[in-house]
Structures are given as structure tokens and as C-alpha cells.
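# Close look at the chain arrangement
This is what each chain is made of:
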There are 2 protein chains.
Amino acid sequence: MKATRSPRRMVDQKQAVQPTLRNFAYEAIRNTIAQMDFYSTPDAIRLDERELAEQLGVSRTPIREALCVLAREGLVQSVARSGFFVMKKSRDEIVEMICAWASLESMAARLATERATDEELSSLKGLFEDADNADEGADEVYSDANFRFHQEILRLGGNTIIDGLTSGLLVHMKAIRRAALKQELRAERSRSEHSEIIHALKARDADLAGVLVRNHALGLATHVREHGLSRG
Amino acid sequence: MKATRSPRRMVDQKQAVQPTLRNFAYEAIRNTIAQMDFYSTPDAIRLDERELAEQLGVSRTPIREALCVLAREGLVQSVARSGFFVMKKSRDEIVEMICAWASLESMAARLATERATDEELSSLKGLFEDADNADEGADEVYSDANFRFHQEILRLGGNTIIDGLTSGLLVHMKAIRRAALKQELRAERSRSEHSEIIHALKARDADLAGVLVRNHALGLATHVREHGLSRG
């Protein structure tokens, strides 16, 4: 291979152009799955191609293409003669995923102690205000706030590689955290640990923030290992 | 979406079948790039499609398809009217990548203190024996041993999600570590830190092993931030 001086960042623009309908279907189906509480039920959740095509107002071709992409990414699985199902990870796989996530979110927290503004760190507490004030559906509101809290720590870390690596795990982690919070023991502990994390971040203590975020996630891993997630 | 009881692990076999020539070309080109010391030179490294086709004994179609897959994965880039080049990350991107890697390898080290056998941990030291005894080309031998050491820590962690997340960064990290080791200040420090890591792993001290592995990698990030990698 020859070494030549040449512009490094002139990526061919044509490469970025993708079939639009498939991308639209991909995003829509991914968002649909992200809203599902699929770890709270022991049942397999089937994705009906015809139903999805009708809902999104597109033909079945982009739906099928999008499902194939999602299958390659490990979010759905194709079962012979039955169609596509939301891919549920096994208990061991969930524990492994949480461990990987724990390490990346912990590093993001360390970086956030250097990069985030005081305002950004203070606003973390505000994410839980709606949940604290909610009467009805407080669990769902808290579950959403909980997920946004963890996403915000990743964002405040400002590391695009970490963002990229976690994005593939995001939908599973959302469903896992939601299912775990429904198990009462877990929710109370989650609340107090969030306060400690915010405190360490505001104190700009990288080591403490990193350890607390890691232990918070590893606590979830231990919980899943011992209790599982579905109540069925 | 309907919830139905259905077999969960019966993934459609057809899905796994991929065009073989493209996969062959993909693996071959990826291995070729992994052998290149592309961060030690300031030049852009062009991948010649015709030359690759001749070397691998295939037509240019699978070569081009493989290059497009590698471009999507961020290992090569297509430059309009010039062809494909090895994608070099910028200094900031390299620092971000090392931080992400540091967190994952640190978690793998923690897991290795629980999972690895005494024999496996003892064998880590043996990886450097050839380098210690080499007269000529000792730098290259040490560089290879260094990379195998870090891959072995990941393997001993036994977490398939961490393996998957790091595999996409592997080729870059190999070239980054190789280029950094050529800068003398770094090599000496690398040796003594490896001994400390092995010691902590054998003492089954998860916290210490995790911190040492993280700091070892973050030291590389600091080095790159301050000195860069290429000597050109």
C-alpha cells in the first residue's frame, strides 16, 4: 500500500445517502420497541409486519428491511415460519450487558466531573421533580426520569465513542431498568443512590462519582442475577 | 403487538448465511490494516483496490464491497476521485477512544479477578518472555506481546458484551499502542505498570486491578494528548 499525502476528512458524501423509507421504518420500529416493557412479561413479543406497515403507512418491503437491520443489531430476532420477535436477552446476558454499561457510564461520570457546568449538574436533580410530585402513574414517571438521568450522565461525559457504544444497548437497558424498578426493593434504593451520585458530581470528585455510578449499575446486575426481571 | 409464547432462541439460520467472497475480502483487508503501523506516519495510507484484488486472487467487486463495509465501521474512508484510505482518527478522537477502552478493560480486569484461574493469571507474565529475551526487533516483539496482554485481560473477563464493544476499536487500539511504544518515555513505564497489574490480578483485588488497568490506559490517553503519535 502506498503512503501519500492526501486530505484526511474528505469523506465521500454519496456514502452517507441511505434509502429513506427503510431508515424511517427502522427508527419507528426501534422507538416502538423502546416504549415496550418487554422484560416485565415472560411472553415473547411478536412484531407483526402487516400491522407495522399499516401503522407507518408504508409497504412491507421497508418494514422487512428495517427488521433485518434490527436483527443484525440484536434487537429483534427472526424465527423460522413465525416472523420477527423482540429479542429478549437471557438473565446471564442481561447481567453481562449491565456490567459493560456500568463501566462506560462510570467513565462518563468521571469525565462529567471535569466537563459539565454547575448548572448542568444541578439540573440532574430537577429530572425527578415531576416524579416526586406525581400522584397517579408515579412509577412510570419515575422510570422515565430514571432513564433520562442515566442518559444525561452519558451526555455530560461528552465522549462520542462512549455514546456510540452505549447506543446499541440503550433500548435493552431502558426495558431492564423499567422492569427492575417495578420490583419495590429496587426503587427505594435507586432514589437514595441518585442523590449520592449528584452530590459527588457537584463536588467534582471523579473517583467517587465513578465508583458510585459503577456500584449503582452493578447493584442492578446483582438484583437481576438474584431475582430476574419478569413477574410472570 | 401481540404477546405470544414462542421459542426464544430459534434464530432463522438463513439469516446467518453471508456472501462468502466479500467476507473473505473483509477479513483479509481488516487483518492487513491491523498489521499496519498507521499512526506512526503522518501520511495517509491508500488501499489500492486492484492491488488487493491481485493479492487475494479475487475480482474487484468483493474488494469494493468489503471496503464499503469497513467504511461503515469507520476503519477506512472513501475519498472522492481518490479511492479508499485507512481512516486515521484525530488526536481528540484517539483520546476519546482510549478513555472508552480504559473503562471496558478495567471492568474486564475486575471480572478476571473472580473468573480467571491462577494458571491463566500466571501465564500473563509469560507473554513478555520472548520480548525480554529478544536481541533484534525487540520493540516489535514487545509491541505484539503488549497487545496480546491487553486482549488476554479482556478474554479473562469473560464478558461477551465487552468483547463485542471492544472488537470495533481493536485495530485502532493496536496501532495506537504500537505507535506510542515507539516513543521511549512510554515503553519503560508500560513495562512496570504491567507487573503491577498482574500482581493485583493474582491477589484477586478487583478494585486495585480495575484502577491500575484504567490508569494504565488513561496514561496512554494523557501521553497522546501531550505528544501525539506520529513522529513525522
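The following paragraphs examine the structure supplied in this document. The model shown is predicted, which means the values in this text are computed figures rather than measured ones.

About the criteria used
Residues numbered from 1 in each chain as written. Chains lettered and ligands numbered in written order. Predicted model: local features only at pLDDT ≥ 70, side-chain atom pairs only at ≥ 80, totals over all residues. Heavy atoms only, no water. Helix = DSSP H or I, 4+ residues; strand = E, 2+ residues; numbered from the N terminus. Buried < 20%, exposed > 50% of the residue type's maximum accessible area, 1.4 Å probe, protein only. Contact = heavy atoms within 4.5 Å. Pairing = 2+ DSSP bridges. Polar contact = N/O pair within 3.5 Å; in protein donor to acceptor, adjacent residues only side chain to side chain. Axes fitted to C-alpha atoms, helices over the stretch in contact; angles between N-to-C directions. Parallel < 35°, antiparallel > 145°, perpendicular 65-115°, else oblique. Left-handed = near helix turned anticlockwise from the far one by under 90°. Nonpolar A, V, L, I, M, F, W, Y, C, P; charged D, E, K, R; others polar.

All names here are of chain A. Within the secondary structure, histidine 172 is located in helix 9 (residues 170-181). Residue class for histidine 172 comes out buried when judged on its relative accessible area of 2%. Separated by 75 residues in the primary sequence, histidine 172 and methionine 97 have C-alpha atoms spaced 8.8 Å apart. Non-local contacts of histidine 172, meaning those with residues more than four positions away in its chain, are made with Phe38, Tyr39, Gly74, Leu75, Met87, Lys89 and Met97.

Here the focus is the pairing of strand 4 (residues 83-86) of chain A. Residue and element names in this part refer to chain A. Bridge count between strand 2 (residues 44-47) and strand 4: two bridges; the pairing is antiparallel. If you follow leucine 47 over to strand 4, its bridge partner there is phenylalanine 84. The pairing of strand 3 (residues 76-79) with strand 4 spans four bridges and is classified as antiparallel. Across the sheet, serine 78 pairs through a bridge with phenylalanine 84, a residue of strand 4. From the end of strand 3 to the start of strand 4, which pair antiparallel, there are three residues, and arginine 81 there has a positive phi angle of about 60 degrees.

Residue and element names in this part refer to chain B. Its place among the elements puts asparagine 146 in helix 7 (residues 138-157). By relative accessible area, asparagine 146 is classed as buried at 2%. A distance of 3.0 Å separates polar atoms of two side chains, one belonging to asparagine 146 and the other to histidine 194. Leaving out residues up to four positions away in the same chain, asparagine 146 has contacts with Phe128, Arg177, Leu181, Ser190 and His194.

Another aspect to go through is the packing of helix 9 (residues 170-181) of chain B against helix 11 (residues 206-227) of chain B. Residue and element names in this part refer to chain B. Closest axis-to-axis distance for the helix 9/helix 11 pair is 11 Å, and the angle between their directions is 70 degrees. If you check the angle between helix 9 and helix 11, you find them roughly perpendicular. Relative to helix 11, helix 9 is oriented so that their crossing is left-handed. Contact with helix 9, carried on its side by Met173, Ile176, Arg177 and Ala180, involves Ala217, Leu220 and His223 of helix 11 and no other residues of that element. For the contact of helix 9 with helix 11, the residue count by class is five nonpolar, one polar and one charged.

Take the packing of helix 4 (residues 91-115) of chain B against helix 8 (residues 160-167) of chain B next. Residue and element names in this part refer to chain B. Two numbers describe how helix 4 lies on helix 8: the axes approach to 10 Å, and their chain directions differ by 155 degrees. Looking at the two axes, helix 4 sits roughly antiparallel to helix 8. In terms of crossing hand, the pair formed by helix 4 and helix 8 is left-handed. Of the residues in helix 8, those touching helix 4 at Trp101, Leu104, Met107, Ala108 and Leu111 are Ile162, Leu165 and Thr166.

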